[in-house]
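# Inside the fold
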Amino acid sequence: MKQAQKKYTPDAYGKVAVLMGGFSAERNISLESGQAVYMALQRKGVDAHAIDVDENVLAVLKAGGYDRVFIALHGRGGEDGTMQGALALLKLPYTGSGVLGSALAMDKSRTKKMWQSCGLPTPPFIELSSNSDWKQVGDELGLPIMVKPVHEGSSLGASKVARAEDLEQAWRMASRFDRQVMAERWIVGREYTASILGERILPLIRLETPREFYDYQAKYVDDTTRYICPCGLTEKQEELIGALSLNAFTSLGASGWGRIDLILDRQEQLWLIEANTIPGMTSHSLVPMAAKQAGMGFDDLVMEILNTSMQQEQ
Ligand SMILES: Nc1ncnc2c1ncn2[C@@H]1O[C@H](COP(=O)(O)OP(=O)(O)OP(=O)(O)O)[C@@H](O)[C@H]1O
Ligand SMILES: [Mg+2]
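In short, a report on the structure. Throughout, a residue's number is its position along its own chain's written sequence, starting from 1. Throughout, the order in which chains and ligands are written sets their labels, letters from A for the former and numbers from 1 for the latter. Owing to the predicted nature of the model, reporting of local features is limited to residues with pLDDT of at least 70; listing and counting of side-chain atom pairs is limited to 80 or more, with chain, interface and lining totals taken over all residues. Heavy atoms throughout the structure, all of them, feed into the side-chain values; hydrogens and water do not.

For Na, K and Ca the donor cutoff is 3.2 Å, while for all other metals N, O and S atoms must lie within 2.8 Å; water is not among the atoms, so some sites may look incomplete. Only Asp261 (OD) and Glu274 (OE) from the protein reach the magnesium ion (ligand 2) as donors, at distances of 2.0 to 2.1 Å. With a gap of 13 residues between them, Asp261 in strand β12 (residues 257-265) and Glu274 in strand β13 (residues 270-276) connect regions that are remote in the sequence. Strands here mean DSSP runs of E at least two residues long; helices mean DSSP runs of H or I at least four residues long; both are numbered from the N terminus.

Turning our attention to the packing of helix α6 (residues 134-141) against helix α7 (residues 167-175). An axis is simply a line fitted to the C-alpha atoms; with a helix, the fit covers only the stretch in contact. Between two such axes, the angle follows the N-to-C directions and lies from 0 to 180 degrees. Between α6 and α7, the shortest axis-to-axis distance is 9 Å and the interhelical angle comes to 95°. By the angle between their directions, the pair α6 and α7 is classed as roughly perpendicular. For the pair formed by α6 and α7, the contact residues are Trp134, Val137 and Gly138 on the first element and Leu167, Glu168 and Trp171 on the second. Gly is put with the polar residues, along with every residue not named as nonpolar or charged; the nonpolar set is Ala, Val, Leu, Ile, Met, Phe, Trp, Tyr, Cys and Pro, and the charged set is Asp, Glu, Lys and Arg. Of the residues in the contact of α6 with α7, the class split is 4 nonpolar, 1 polar and 1 charged. For this classification, under 35 degrees means roughly parallel, over 145 means roughly antiparallel, 65 to 115 means roughly perpendicular, and everything else is oblique. The contact definition used throughout considers only heavy atoms, calling two residues in contact when any of these lie within 4.5 Å.

The subject of this paragraph is helix α3 (residues 82-89). Residue exposure (1.4 Å probe, protein chains only): buried if accessible area is under 20% of the type maximum, exposed if over 50%, otherwise partly exposed. All of the buried residues along α3 are Met83, Gln84, Ala86 and Leu87. When α3 is viewed along its axis, its buried side chains cluster within an angular range of 165° and face the same direction. Looking at the buried side of α3, the elements it contacts are β1 (15-21), β2 (47-53), α2 (57-63), β3 (68-71) and α4 (99-106). Immediately downstream of α3, the backbone of Lys91 shows phi near 60°, a positive value. This arc corresponds to the set of directions leading from the helix axis out to the C-beta atoms.

Before going further, it helps to examine the sheet that holds β3. Two strands pair if DSSP finds at least two bridges between them. Taking strand neighbours across the sheet as the criterion, the 3 strands line up as β2-β1-β3 in an open arrangement whose pairing is parallel. In the strand order of this sheet, the two ends are held by β2 and β3, each with one partner. Across this sheet, the average inter-strand angle for adjacent strands is 30°, counted without regard to direction. Inspection of the sheet shows β1 paired to β3 by 4 bridges, in the parallel sense. Residue pairing across strands places Val16 opposite Arg68, the latter belonging to β3. α3 contacts β1, β2 and β3 of the sheet and is inclined by roughly 175° relative to β3.

Nearness is defined per residue: one heavy atom within 4 Å of the molecule or strand is enough. Of all residues adjacent to ligand 1, which total 21 residues, the nearest are Lys108, Lys148, Ser155, Glu191 and Lys219. Lys219 places a side-chain nitrogen or oxygen 2.8 Å from an oxygen atom of ligand 1. Asn276 is positioned such that a nitrogen or oxygen atom in its side chain is 2.9 Å from an oxygen atom of ligand 1. Relative to its unbound accessible surface of 620 Å², ligand 1 loses 95% to contact with the protein. Mapped onto the shell around ligand 1, the elements with two or more residues apiece are β5 (145-149), β7 (181-185), β12 and β13. Its residues placed into classes, the shell around ligand 1 shows 7 nonpolar, 4 polar and 10 charged. The source of the domain bounds is an automatic or database domain assignment. The residues that make up the shell around ligand 1 include at least three from each of domain 2 (105-122 + 187-293) and domain 3 (125-185). Between N or O atoms, a polar contact is any pair within 3.5 Å; within protein, one atom must be a potential hydrogen donor and the other a potential acceptor, and residues adjacent in sequence are included only when both atoms are from side chains. Note on areas: Shrake-Rupley with a 1.4 Å probe; residue coverage comes only from the protein chains shown.

Dropping the structure here:
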């Protein structure tokens, strides 16, 4: 793996704000990610400061004399372009994707439309509403079906539906998390995640759970979830999937770092599921796991992500 293009001394980053917490449903995960990032920056000698985001955050950033921002927020209000836009107005460089890539990746439906228009493979889907013809949705997509909120993460509000008559209830449940809900063809196969760091793809991780899918419980609670890395694919397959994932990421205008979730079906056909522009950064999260497999420790990974704010500044 290529190493970081440029090294900076800890002083070169100036005063760094680590934004965490916030208002989204993933607040608690973000507090964990942010704390882990903050500690890593401290260990690296960076002048880092932890900020739990509330409605005063912009005033706090302005008054604090910060030089740059490490965004460790997940979900709406942090990962969706709003914070990125506000920081751009404050002329504060930040880590990761800009306004467009962040906003587009947060919207699973528009992400998929973009991928379809680029000829990238993603499962067929239908946007749902109270007026949906549930039987027709079932006929069109085929059962089972995945129902999920368009703008949520951590599998919150997502469910697998086996019968068309259960679609309405699944839609109702997902609606508790988001005004927009979608139904997607269920793909039977093996699930992988591709971590992106700069222009590189880190080793793929295969996720395996005895549960129906990689839901909230499998992500954060169960100890039966298996993370397989190296993932068992051939080097050639990994390369192909890596290139496609990077393409899928950049096609959204996303940059810097992130993750693409995908499923390889029984015919070895690849399906793109979604893009994350600020994935989890706890010690047991997926991007740190992939970095470790590539020989990069957590603290060095955090520094590489911080470096994406330096590139933005140039
Ligand atoms: N079309 C599908 N077919 C089969 N399984 C699916 C499908 N879509 C999603 N899943 C399962 O549901 C999980 C959550 O879906 P998805 O990644 O779209 O949601 P998320 O809540 O945004 O996740 P993240 O925490 O990665 O942001 C996936 O990891 C996968 O296990
Ligand atoms: Mg996902």
